[in-house]
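# A structural walkthrough
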Amino acid sequence: MADATQDGLSGHLTTPEFATGPETRGIELVPDTERGGSPRSLVCVWATPSVSFLSISVGATLVAGLGLSLLQVLVTAIIASSGWVLVGLIAVSGPVSGTSSSVITRAVYGVRGNKLVVGLYGWLLAAVYISLSWSAASLNGMGLLGRFGAHGSTLSTLAVIVVIVAVTSVLAVYGHGLIVASYPYVIGGVTVVLAVSAAFMDPYADLSYRPAEPLSGLALAGAMTIGATILVSTPLSFINSPDLARYLPADTAPWRTGTATALGGAIPGIATTMVGALLATAPQFDMVGDPMGAFSVGLPTWLFAVFTLAVIASAVALNAMTMYSAGLSLQALGIPIRRIPSTVIIAAIGAALTGVSIVARDFTTAVSALLQLVVIAAGPLIAVFATDVLLRRNRYNGAALLDDSPGSPFWFRRGFRGAGVISLIAGGAASSLCVNTTVVVGPVAALTGLDLSVPAGLLVASGCYALLYRADGTAGAAAVPIPHPRRQDER
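Residues numbered from 1 in each chain as written. Predicted model: local features only at pLDDT ≥ 70, side-chain atom pairs only at ≥ 80, totals over all residues. Heavy atoms only, no water.

The name given to the protein chain in an unreviewed UniProt entry is Permease for cytosine/purines uracil thiamine allantoin, with Tsukamurella paurometabola as the source organism. The UniProt entry for the protein chain carries this comment under Sequence similarities (unreviewed entry): "Belongs to the purine-cytosine permease (2.A.39) family." Per UniProt, the protein chain has the following entry under Subcellular location (unreviewed entry): "Membrane". (UniProt positions renumbered as here; feature names shortened; annotations may be inferred.)

Structure representation (structure tokens):
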């Protein structure tokens, strides 16, 4: 990493770390001499998942699919945005530990238990997420080419996939420095394009819209809880937030890191959700069945082309973040591989799955159905992690966490920490009882019509972990507490 100084105005490094080439560091500790920047640099990074076409589509679904009014959508979006608080809370463990989330969670599950969690959720599902996002981006790219006469040939399809995979891979391989330095421009450009496109579409929207059959009582509560679950599934899936914060100075005030992360995701998420909700009030558009088609009707040809490129760019930016963390997760499994090769492996798997999903639509449907159930694990995972940060008072010793030998202070009992594993299972069980999806309807959801899978999973997992925190008899010692350095805002 190149020597760098902090730019107090922008919060970025004045000499970007990617200037010397791709990031070679994996889960190893980030030394103090190679840290810099400000938490403000995280705002645009975490705006990436929210400034997306998916958020617009979900907002439209809340109106046209679930029957909510605009005010009810706004309330639902604000409630769901609270999930970003948890993302911000776990992000504070990055600077103090100097390593990735896939290593930090050894303090929660033990060295061996953590491998199971990271292998299934942090790596395998990451590849599936990447492939689905690439599939959507590739289909949009092929649709754009079709407007210019290149109609769905095998060669053009392959070319679109290769370009999208290549650009994403470059971002992920160059890593943290390029992500932090380039995302303000990427997300800024995407935001401008979405805003201009929304302005062109706005005359079709009906600000006085009222549902033909307004919901009330239990029906309204059910629709809002289902909508909130859909929306909150985005922040709850980002258990990797420490990965993007670990290059900040160790003495960075935790509240600054947490606030920048949470607000970066929450505010754009509410705004883009409302854009989709507003456009769903236009009777001319089918924002649920064919949202891209709606934009193709409402926008001039030239602007629709730019809009499509912006949608693809946002998907690439999101996938680069996911691929970056997935590469770190592969290392945390104990596989002797460097970060760049591990990232390339993720790219290859994601590309292969992308090709399959485009050819076999049933595959995409099956995987999409599977992802509806991810919230059963995502909520408890982030809840247990966040509770550990609070109970441990964010005291993580990165060097001790990287020791994965049987003598490690985080080995616990046979490599497993009962408190974390039991809490995760309990939270998942509680969530599954309350889930309400097109795939599975839990008994509580069937009885009430509500989808309480997220609050049930969060509360049960967090409560169990708090009760069992010291049950191992080693929680205090295994924390290997380190004194916090004086923070920047205390000097």
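Two elements in contact, helix 18 (residues 375–391) and helix 22 (residues 453–468), have axes separated by 8 Å at closest approach and are oriented at 40°. Seen from above, helix 18 lies across helix 22 with right-handed handedness. Along its contact with helix 18, which presents Val375, Gly379, Pro380, Ile382, Ala383, Val384, Thr387, Asp388 and Leu391, the element helix 22 presents Ser453, Val454, Gly457, Leu458, Ala461, Ser462, Tyr465 and Ala466. A breakdown of the residues in the contact of helix 18 with helix 22 according to their chemical character gives eleven nonpolar, five polar and one charged. (Axes fitted to C-alpha atoms, helices over the stretch in contact; angles between N-to-C directions. Helix = DSSP H or I, 4+ residues; strand = E, 2+ residues; numbered from the N terminus. Left-handed = near helix turned anticlockwise from the far one by under 90°. Contact = heavy atoms within 4.5 Å. Nonpolar A, V, L, I, M, F, W, Y, C, P; charged D, E, K, R; others polar.)

Further remarks concern unusual backbone geometry. We note that Arg393 has phi near 55°; this positive angle belongs to a residue other than glycine. Here Arg393 is to be found in the loop between helix 18 and helix 19 (398–401). On the basis of relative accessibility, which here comes to 60%, the residue Arg393 falls in the exposed class. For Phe412, which is not glycine, the phi dihedral falls at a positive 55°. Here Phe412 shows up in the loop between helix 19 and helix 20 (418–434). (Buried < 20%, exposed > 50% of the residue type's maximum accessible area, 1.4 Å probe, protein only.)

Moving on to the layout of surface pockets. The space that makes up the second largest pocket amounts to roughly 430 Å³. Within the lining of the second largest pocket, the residues separate by chemical class into 16 nonpolar, two polar and no charged. (1 Å grid on protein atoms, 1.4 Å probe; cavity = no way out; pocket = protein on both sides within 12 Å on 5 of 7 lines; lining within 4 Å. Points joined across faces, edges and corners; volume = space filled by probe spheres on them.)

This paragraph deals with the nonpolar core. If you look at the biggest cluster of nonpolar residues, it comprises 127 residues, and the most contacted ones within it are Trp46, Met287, Phe295, Phe307 and Tyr396. No other element matches the 17 residues that helix 15 (residues 301–332) contributes to this core. Non-local contacts of Trp46, meaning those with residues more than four positions away in its chain, are made with Trp84, Phe238, Asn240, Ser241, Leu244, Thr261, Gly264, Gly265 and Met321. (Core = buried A, V, L, I, M, F, W, Y, C linked by side-chain atoms within 4.5 Å.)

By the definition in use, this model includes ten aromatic pairs. An angle of 15° between the planes, with centres 4.3 Å apart, marks the rings of Phe295 and Phe307 as stacked. In this pair, Phe295 sits in helix 14 (residues 291–298) while Phe307 sits in helix 15, placing the two residues twelve residues apart along the sequence. Phe307 shares its class with Phe295; the two are buried. Measuring from centroid to centroid gives 5.8 Å for Tyr465 and Tyr469, while their planes differ by 70°, and the two rings are edge-to-face. Across the pair, exposure class does not vary: Tyr465 and Tyr469 are buried alike. An aromatic cluster is present here, built from Trp46, Trp84 and Phe238 joined pairwise through their rings. (Phe/Tyr/Trp six-rings, centres within 6.5 Å; stacked < 30°, edge-to-face > 60°.)

Bringing the pattern of salt bridges into the picture now. Enumeration over the complete set of coordinates arrives at six salt bridges. Between Glu28 and Arg338 there is a salt bridge, and its shortest N-O distance comes to 3.0 Å. Here Glu28, found in the segment before helix 1 (41–47), pairs with Arg338, found in the loop between helix 15 and helix 16 (339–359); they are 310 residues apart in sequence, far enough to count as distant. Under the relative-accessibility criterion, Glu28 is labelled partly exposed at 28%. For Arg338, a relative accessible area of 48% corresponds to the partly exposed category. Because the salt bridges share partners, they merge into one network encompassing Asp388, Arg392 and Arg417. (Salt bridge = Lys/Arg side-chain N within 4 Å of Asp/Glu carboxyl O.)

With that out of the way, let us pick up the confidence of the model for the protein chain. When pLDDT is averaged across the protein chain, the result is 87; 88% of the residues are at 70 or more. Throughout residues 1–16 the model reports pLDDT below 50, and contacts reaching past four residues in sequence, or to other chains, amount to 32 contacts. With pLDDT under 50 throughout, residues 483–491 is counted as low confidence; its partners more than four residues away or in other chains account for 19 contacts. (pLDDT = per-residue confidence, 0-100.)

Moving on, we come to helix 4 (residues 83–91). For helix 4, the buried fraction is high: seven of the nine residues fall into the buried class. Every buried residue of helix 4 is listed here: Gly83, Trp84, Leu86, Val87, Gly88, Ile90 and Ala91.

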